[in-house]
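Each chain is listed here by its residues.
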Amino acid sequence: MTLSDQETQIKLGGGAKAIARQHEKNRLTARERIDNLCDPGTFFELGLWAAHGMYAEWGGAPSAGVVTGVGTVSGRRVMVIANDATVKAGAFFPMTAKKVLRAQRIAMENRLPLVYLVDSAGVFLPLQDEVFPDEDDFGRIFRNNAVISAEGIPQFAAIMGNCVAGGGYLPVLCDKLLMTEGSGLYLAGPALVKAAIGQVVDSETLGGAKMHAGVSGTIDYREENDDKCIERLRRLVEHVSADSASGPREGAVSPTETAPSRGPLARFTEPGEYDVRDLLKLLLDDAPFDEYKAEYGQSLVCGTGKLGGKPIGIVANQRKRVKTADGQLQFGGVLYVDSSDKAARFIMDCNQTRIPILFIQNVNGFMVGRDSEQAGIIRAGAKLVNVISNSVVPKITLITGGSFGAGNYALCGKAFDPRFIFAWPTAKYAVMGGDQAASTLLDVQVQTLKRQGKEPDADELTALRDKVKASYDEQTDIRYAAARLWVDAIVPPEQSRAALLTAVEVATRHDSGRAFKTGVLQV
């Protein structure tokens, strides 16, 4: 099954029968609701692969049972979070909570209004211990609702199905709350109320739309059905102040379209050397690229160009061998002392001029060995990590190949707060390459067997190595990373420019004005 086929399958959520059941309740699916809510062709999905291959013992949770992404509603950019009731009635798995939290974080950092389309049975009880208590679990969503509101970022919620137990706090903590007929909002449903206090009450009296509109006063708008609810939601979002950055940008395209191509991108996914400047020509605008320290630290290419008409800094791994001024050979995809120093200085300059930075990763890691250690590779790497950690300008990361070890850290991996992080389908994500890891893990296991008095023969060693490598290869597959939200989206090469245009447009909506500080630098 191709990647595209897998994505089509994921988008079916709980499958055809579950979709039919949703329609029988006179309700739309999460994706149908988003299609009706967003202006045509503007929804850019994030986290599609969340929970892929996970929770098999519970029948799986395609896309973690929630659809998230950036879209345009009535001309306003918003973050959309929609529970998928075809997947376990929209219940929250551990990855569901993490996916919603990631969407909220992107909204907070970029000051995007949020629209929640609520249709959820609450916490998935068999996994409640992994969903309920921690600072990156279910409760953090409600904490974020309150903080987002205090920061003046608009939040809209529409209850279009179930909204029970603790999950009821999410919509009620929003600025505007809509609810459709037939939906339910309550801390405890009729069955639990009967079991807890012996009271017999029907769903409508307990928590129906009419009750909450006229008796409790909890909701702001009562709607007949999904279509009417979405119509009003679009009108309400239109009242939000127009985004000064929401107008068309130079070279802008819909997220669902392919950006104008200035040449084939497939060759950059194949083994072998290439000049990363050739890739930059296809991703950036057709405008001059001002390369920074072009003759120094050449295993990284740094410079400023334009993307969607906006200035942007570039830090990209060179993928061909280069020679230093004194004739030493340096390998593509490897970070050396000189390239690390150059990149650190360039990133500081981008912060000084307040321009966003795009990191293009295809990195094997830092150079090792006596000469590299004596030249101060750890110090140089630490300096690079320092300035990336303390950067105040938007950072966007695109992984085109390997993203291994400390190279992932030093070029703005997920742990270093990129506003968005994308990866090509051929990307690899791990602490080290598969062959090296297999050898290391094999040595560890062999030593363990020897301590137990077992001496594996050649066939056993081969079988053990194959098993270790197969397991490690599975974990380095970018789908494994995307399932755990280590990347926001798997983007085919030909759609890279469209994704980056959207990311830059969103990331440059707002400048917090924070001063750039690094503390002690390892000079």
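In this report, the structure presented in the accompanying data block is examined. (Residues numbered from 1 in each chain as written. Predicted model: local features only at pLDDT ≥ 70, side-chain atom pairs only at ≥ 80, totals over all residues. Heavy atoms only, no water.)

1. Topic: the overall build of the protein
Scanning the protein for helices and strands turns up 20 helices and 20 strands. Here the C-alpha radius of gyration of the protein, 25 Å, is about what a compact globule of 523 residues would show, namely 24 Å. If you line up the protein on its principal axes, its C-alpha atoms span 85 × 65 × 45 Å. Looking at the protein as a whole, 54% of its 523 residues are labelled buried. The contacts in the protein between residues at least 6 apart in sequence include a share of 73% that link residues at least 24 apart. In the structure as shown, the protein presents an accessible area of about 23,000 Å², 52% of it carried by carbon and sulfur atoms. (Helix = DSSP H or I, 4+ residues; strand = E, 2+ residues; numbered from the N terminus. Rg over C-alpha atoms; globule rule 2.2 N^0.38 Å. Buried < 20%, exposed > 50% of the residue type's maximum accessible area, 1.4 Å probe, protein only. Contact = heavy atoms within 4.5 Å. Areas by Shrake-Rupley, 256 points an atom, 1.4 Å probe, with all protein chains shown as cover.)

2. Some points on helix α2 (residues 16-24)
Where α2 is concerned, the buried positions are Ala-18, Ile-19 and Gln-22. In a view along the axis of α2, the buried residues occupy a sector of 100°, so they form one face of it. Within α2, the exposed residues directed more than 90 degrees away from the buried face are Ala-16, Lys-17 and Glu-24. Looking at the buried side of α2, the elements it contacts are α3 (30-37) and β4 (114-120). Backbone geometry just after α2 places Asn-26 at a positive phi near 60°. (Arc of directions from axis to C-beta.)

3. A look at a nonpolar patch on the surface
Where nonpolar side chains cluster on the molecular surface, the patch consists of Tyr-169, Leu-173 and Leu-187 and spans about 290 Å² of accessible area. Tracing the backbone through its elements, the reader meets Leu-187 in the loop between β7 (184-186) and α8 (190-197). Look at Leu-187 and you get exposed, because its relative accessible area is 56%. (Patch = residues over 30% accessible without salt bridge, like charges linked within 9 Å, V, L, I, M, F, W, Y side chains within 5 Å. Salt bridge = Lys/Arg side-chain N within 4 Å of Asp/Glu carboxyl O.)

4. As for helix α20 (residues 496-507)
The end-to-end C-alpha separation of α20 is 16 Å, in line with the 16 Å expected for 12 residues at 1.5 Å each. For α20, a buried count of 12 out of 12 residues is recorded, marking the element as mostly surrounded by other parts of the structure. Looking only at α20, the buried set comprises Ser-496, Arg-497, Ala-498, Ala-499, Leu-500, Leu-501, Thr-502, Ala-503, Val-504, Glu-505, Val-506 and Ala-507. (Expected span 1.5 Å × (residues − 1).)

5. Structural notes on the pairing of strand β11 (residues 310-317)
With 6 of its 8 residues buried, β11 lies for the most part within the structure. Here 8 bridges tie strand β10 (residues 300-307) to β11, and the two strands are oriented antiparallel to one another. Of the residues in β11, the one forming a bridge with Leu-307 is Lys-310. For β11 and strand β15 (residues 357-363), the ladder comprises 4 bridges, and the chain directions are parallel. Within the sheet, the bridge partner assigned to Val-315 lies in β15 and is Phe-359. (Pairing = 2+ DSSP bridges.)

6. Describing empty space enclosed by the protein
Summed over the entire model, instances satisfying the criterion amount to 2 cavities of 30 Å³ or more. Asn-83, Phe-92, Val-118, Ser-120 and Leu-170 are the residues nearest the centre of the largest cavity, which is lined by 15 residues in total. Counting only elements with at least two residues in the lining of the largest cavity, the list comes to β3 (76-83), β4, α6 (138-150) and β5 (155-164). Per-element accounting of the lining of the largest cavity gives the leading share, 4 residues, to β4. Looking at the lining of the largest cavity, its residues break down into 11 nonpolar, 4 polar and no charged. In this structure, the second largest cavity occupies an estimated 50 Å³ of space. As for the second largest cavity, its lining consists of Leu-46, Gly-47, Thr-68, Met-79, Lys-99, Arg-102, Ala-103, Ile-106 and Asp-488. If one sorts the elements of the lining of the second largest cavity by residue count, helix α4 (residues 94-110) sits on top with 4 residues. Across the lining of the second largest cavity, the residue classes break down as 4 nonpolar, 2 polar and 3 charged. (1 Å grid on protein atoms, 1.4 Å probe; cavity = no way out; pocket = protein on both sides within 12 Å on 5 of 7 lines; lining within 4 Å. Points joined across faces, edges and corners; volume = space filled by probe spheres on them. Nonpolar A, V, L, I, M, F, W, Y, C, P; charged D, E, K, R; others polar.)

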